[in-house]
Amino acid sequence: TRSFTDPSVSMDLLRAVLQPSINEEIRGIFNKYMKFFQTAAINVRDNVGEEVDPEQLIQETCRSCLEQAKLLFSDGKKVVPRLPHEQAVPKRARQIDEELSRRGSPIPKKRKGRPPGQSLSNDRGVSGMAAWKLKVSEPVKRDGPKWDPSRLTETTTFVLGSRANKALGMGGTRGRLYIKHPHLFKYAADPQDKHWLTEQQHMRAIGGKMAYLLIEEDIRDLAASEDYRDSVDLRLEELKPFIPPAWMTEKMQKHMETLRRGGDVPAPEDPPE
């Protein structure tokens, strides 16, 4: 039992009294900069793909801001890591969640009817986002026989990314396949490709949404691996493979070669969803 004459107890009591006012002022600061976070998060989603959740990115950034603000009061002995992947993100994020829930989070809660991109709460937690951050911080190896452009021939069969997600039991989470297996080769169809795919009834007209093509062999290899072969959600009949025309295969060969060499590939002309 600690006495109320204990300096730390006395200061904590004062802090508890002032905390609601402090939280409101912190909330105001975050609201002031929120438009920048929202714009940046949407840009990240547009550049990376549909698998990115802007809401999660914003919430992670807000937490990172709070962590970095601690440096203002550092005694020089403990240094807060400057990059999220340098710390135990899931555990630390849960601790912050619990602390903020007790004291009143400065991050606005999601409200029914608020336009997309405006709400900042994350009902699913941050573990998925933390895993995504950890993965994108690791270099993706693009070598070996699977990244040899010569494997793409006029008889190579491809599948749509959306169908591959369903076939491996990930249909409920858009883009989960790309997050879990970043080393897979995927090709973003351009307007010309999508026109052919629509004409051949391999996909419906989707306007400005992204459409990824993956090699059927890669997906079937995944399905035969320990991670999936015993899964009750495996639905390989969902793949619906097809052989693209030679001109499209040639574009995919160039795309693979560019990625293998570590180069950047121009973004598709159509904007992502």
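Computed from a prediction, not measured in an experiment: that's the story for all the values here.

## Notes on the pattern of salt bridges
Thinking step 1. With the rule as written, the count across this model stands at 17 salt bridges.
Thinking step 2. Between Glu 238 and Arg 163 there is a salt bridge, with the nearest N and O atoms lying 4.0 Å from each other. Within this pair, whereas Glu 238 is found in the loop between α8 (216-223) and α9 (246-260), its partner Arg 163 is found in helix α5 (residues 161-167), the two being separated by 75 residues in sequence.
Thinking step 3. Among the residues examined, Glu 238 registers a relative accessible area of 27% and is labelled partly exposed.
Thinking step 4. On the basis of relative accessible area, Arg 163 is assigned to the partly exposed category, the value being 26%.
Thinking step 5. One salt bridge connects Glu 257 with Arg 260, and the closest N-O pair in it is separated by 3.0 Å. Of the two residues, Glu 257 and Arg 260 are both situated in helix α9; the distance of three residues between them amounts to about one turn of the helix.
Thinking step 6. Glu 257 sits in the buried class, given a relative accessible area of 19%.
Thinking step 7. It is possible to trace a salt-bridge network through shared partners that takes in Lys 146, Arg 151, Glu 217, Asp 218 and Asp 221.

## Focus: the confidence of the model for the protein chain
Thinking step 1. Per-residue confidence for the protein chain gives a mean pLDDT of 75; residues scoring 70 or more make up 68%.
Thinking step 2. At the level of individual helices and strands, the protein chain shows its lowest average pLDDT in helix α4 (residues 127-137), which scores 42, and its highest in strand β1 (residues 158-160), which scores 93.
Thinking step 3. Per-residue pLDDT stays below 50 along residues 105-137; that stretch engages in 56 contacts with residues further than four places along the chain or on separate chains.

Rules used throughout
- Residues numbered from 1 in each chain as written.
- Predicted model: local features only at pLDDT ≥ 70, side-chain atom pairs only at ≥ 80, totals over all residues.
- Heavy atoms only, no water.
- Salt bridge = Lys/Arg side-chain N within 4 Å of Asp/Glu carboxyl O.
- Helix = DSSP H or I, 4+ residues; strand = E, 2+ residues; numbered from the N terminus.
- Buried < 20%, exposed > 50% of the residue type's maximum accessible area, 1.4 Å probe, protein only.
- pLDDT = per-residue confidence, 0-100.
- Contact = heavy atoms within 4.5 Å.

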